[in-house]
Amino acid sequence: PTVTPTAEPTEAPTAEPTAEPTEAPTAEPTAEPTEVPTAEPTAEPTEAPTAEPTAEPTEAPTAEPTAEPTEAPTEEPTAESTEAPAEEPTAEPAETVTEAPEEIIEEVDLDAGLFVEIEGSIAYNEGGEPLSWIGMRNGVPAEMKPRLQENDGRIRVSLDDLVRCVPGWALTDDGTVVLEAEGHTLGIYNEKTGIAATIDGTEIRIEPADFDFGNDGHFISASFLANALMGTAEWDAEERTLMLRIPVASETTD
């Protein structure tokens, strides 16, 4: 009866409480709080902010502003300002000076346009009948009279028609207009500085309105022609007749 109660209470209480509380609390709390918080916050904040802001602001601003402002201002302003001013001012003044004599001739043509053709006759020297010749009109022979032009009382006559009517008169135009009439030689020259005229080799004064050498032929002022050939010219407005008197050269020198 003394050996049975001493063996049961000593082995049972010592094995159960010592194994459970020592292993469970120590393994679980130490592994979970140490690994989870340390891995996540350290990897994300360190890599993301450092990679993105450093790559974008450094490459984009440096490449764009340096390439555009350097190429555009250097090529365009230099090409335009150097070539354009050198060509334009030099070409225009040179042409203006060269064409000056042609502008004088154009003014002569404008003045010549003020004359209009009129009906009338020419009485030459002491001839009884007005000057005329037989020409073709609409394919039919007809009597023709020298053409006359008038502007504000000034009369011009066709040299082409006069040489058809007056014996011994001749007209040539080889760049210089030459009229042979009554022993005189009248020359009219179109020069670069303007129009010049000579009678028997002596230069005489001629005005732009004194002649018109165009598509209608050679028209010349009646008063200029008469003075050059040592004669007279009078216009009778009522009779519509130009009285032209040109003496022979020998008669004026005697």
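The coordinates are above.
Residues numbered from 1 in each chain as written. Predicted model: local features only at pLDDT ≥ 70, side-chain atom pairs only at ≥ 80, totals over all residues. Heavy atoms only, no water.

## Some details on the overall build of the protein
Now for step 1: Within the protein, the secondary structure is distributed over five helices and 15 strands.
Now for step 2: Looking at the protein as a whole, 24% of its 254 residues qualify as buried.
Now for step 3: The contacts in the protein between residues at least 6 apart in sequence include a share of 49% that link residues at least 24 apart. (Helix = DSSP H or I, 4+ residues; strand = E, 2+ residues; numbered from the N terminus. Buried < 20%, exposed > 50% of the residue type's maximum accessible area, 1.4 Å probe, protein only. Contact = heavy atoms within 4.5 Å.)

## With respect to the side chain of Arg156
Now for step 1: Turning to its location among the elements, Arg156 is positioned in strand β6 (residues 154-158).
Now for step 2: In terms of polar contacts, Arg156 uses its side chain to reach the backbone carbonyl oxygen of Phe211, at 3.4 Å. (Polar contact = N/O pair within 3.5 Å; in protein donor to acceptor, adjacent residues only side chain to side chain.)

## What to know about the pattern of salt bridges
Now for step 1: Counted under the stated rule, the structure contains four salt bridges.
Now for step 2: Notably, a salt bridge pairs Asp161 with Arg164, separated by 2.9 Å at the nearest N-O pair. Pair noted here: Asp161 and Arg164 are both in helix α3 (residues 159-165), with a separation of three residues, about one helical turn.
Now for step 3: Using a relative accessible area of 2% as the deciding quantity, one classes Asp161 as buried. (Salt bridge = Lys/Arg side-chain N within 4 Å of Asp/Glu carboxyl O.)

## Let's talk about unusual backbone geometry
Now for step 1: Phi at Asn138 takes a positive value of approximately 55 degrees, unusual for a residue other than glycine.
Now for step 2: Here Asn138 shows up in the loop between β3 (133-137) and β4 (140-144).
Now for step 3: Owing to a relative accessible area of 78%, Asn138 belongs among the exposed residues under this scheme.

## As for the side chain of Ser221
Now for step 1: Within the secondary structure layout, Ser221 lies in strand β13 (residues 217-221).
Now for step 2: With relative accessibility at 7%, the residue Ser221 sits in the buried group.
Now for step 3: The contact partners of Ser221, leaving out residues within four places of it in the chain, are Ile155, Arg156 and Asp210.

## Remarks on the packing of aromatic side chains
Now for step 1: Summed over all chains, the structure comprises two aromatic pairs.
Now for step 2: Centre to centre, the rings of Tyr124 and Trp169 are 5.9 Å apart; their planes meet at 90 degrees, and the pair counts as edge-to-face. In this pair, Tyr124 sits in strand β2 (residues 121-124) while Trp169 sits in the loop between α3 and β7 (170-173), placing the two residues 45 residues apart along the sequence. For the pair shown, Tyr124 and Trp169 are each scored as buried.
Now for step 3: Relative to Phe213, the ring of Phe211 has its centre 5.1 Å away and its plane inclined at 50 degrees; by these criteria the two rings are tilted. (Phe/Tyr/Trp six-rings, centres within 6.5 Å; stacked < 30°, edge-to-face > 60°.)

## Digging into the pairing of strand β9 (residues 184-191)
Now for step 1: Where strand β8 (residues 176-181) lies against β9, six bridges are found, and the strand directions are antiparallel. Looking at the pairing, Glu180 lines up with Thr185 of β9.
Now for step 2: The antiparallel hairpin formed by β8 and β9 contains two residues in its connecting segment, where Glu182 sits at a positive phi of about 50 degrees.
Now for step 3: As paired strands, β9 and strand β10 (residues 194-199) are joined by six bridges and run antiparallel to one another. The partner of Ile188 across the bridge, within β10, is Ala197. (Pairing = 2+ DSSP bridges.)

## Things to note about the environment of Gly153
Now for step 1: If you trace the backbone, Gly153 turns up in the loop between β5 (148-151) and β6.
Now for step 2: Residue class for Gly153 comes out exposed when judged on its relative accessible area of 53%.
Now for step 3: In this structure, the C-alpha to C-alpha distance between Gly153 and Trp235, residues 82 residues apart in sequence, is 8.5 Å.

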